[in-house]
Amino acid sequence: QVQLVESGGGLVQPGGSLRLSCAASGSIFRSNAIAWYRQAPGKQRELVAAITTGGSTNYIDSVKGRFTISRHNAKNTVYLQMNSLKPEDTAVYYCAADFRIVPGTVPNYWGQGTQVTVSS
């Protein structure tokens, strides 16, 4: 059973924008915080942004002011709006869910990932 599905990745020029979507099952969406992780070539997987069931958000410093995580409750979907994209943002982006999103730990549920490439 598919419970988390990412979409919206693609190729974009530096300075451009992209919006990623994470569609979740209703039970997962209602009960868990949801986060976006990314894995860039030659780098460790990192937590990018997270949102709680109540709508509280957190971001890593490198994306603050550029990325926005949000949730559309009626659609059971979490979004990651990415603006002012940089080549350093190139990575496979993964949606993940768990009761708590804790840096350094592995959430319980994961999507398959979507590729984001920022290049001229």
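Structural data are supplied above this passage.
Computed from a prediction, not measured in an experiment: that's the story for all the values here. (Residues numbered from 1 in each chain as written. Predicted model: local features only at pLDDT ≥ 70, side-chain atom pairs only at ≥ 80, totals over all residues. Heavy atoms only, no water.)

Asker: I keep staring at the state of the cysteines and nothing clicks. Help me out?
Answerer: One covalent bond between the sulfur atoms of two cysteine residues makes up a disulfide. One pass over the full model with this rule turns up one disulfide. Put simply, cysteine 22 and cysteine 95 are joined by a disulfide, and their sulfur atoms are 1.8 Å apart. Of note, the bridge from cysteine 22 to cysteine 95 carries an S-S torsion of about -70° and is left-handed in sense. One end of the pair, cysteine 22, is in strand E3 (residues 18–24); the other, cysteine 95, is in strand E9 (residues 91–98), and 73 residues separate them in sequence. Among the residues examined, cysteine 22 registers a relative accessible area of 0% and is labelled buried. Here cysteine 95 falls in the buried class, since its relative accessible area comes to 0%. (Disulfide = S-S within 2.5 Å. Helix = DSSP H or I, 4+ residues; strand = E, 2+ residues; numbered from the N terminus. Buried < 20%, exposed > 50% of the residue type's maximum accessible area, 1.4 Å probe, protein only.)

Everything listed here is a matter of coordinates, which is why it stays silent on function.
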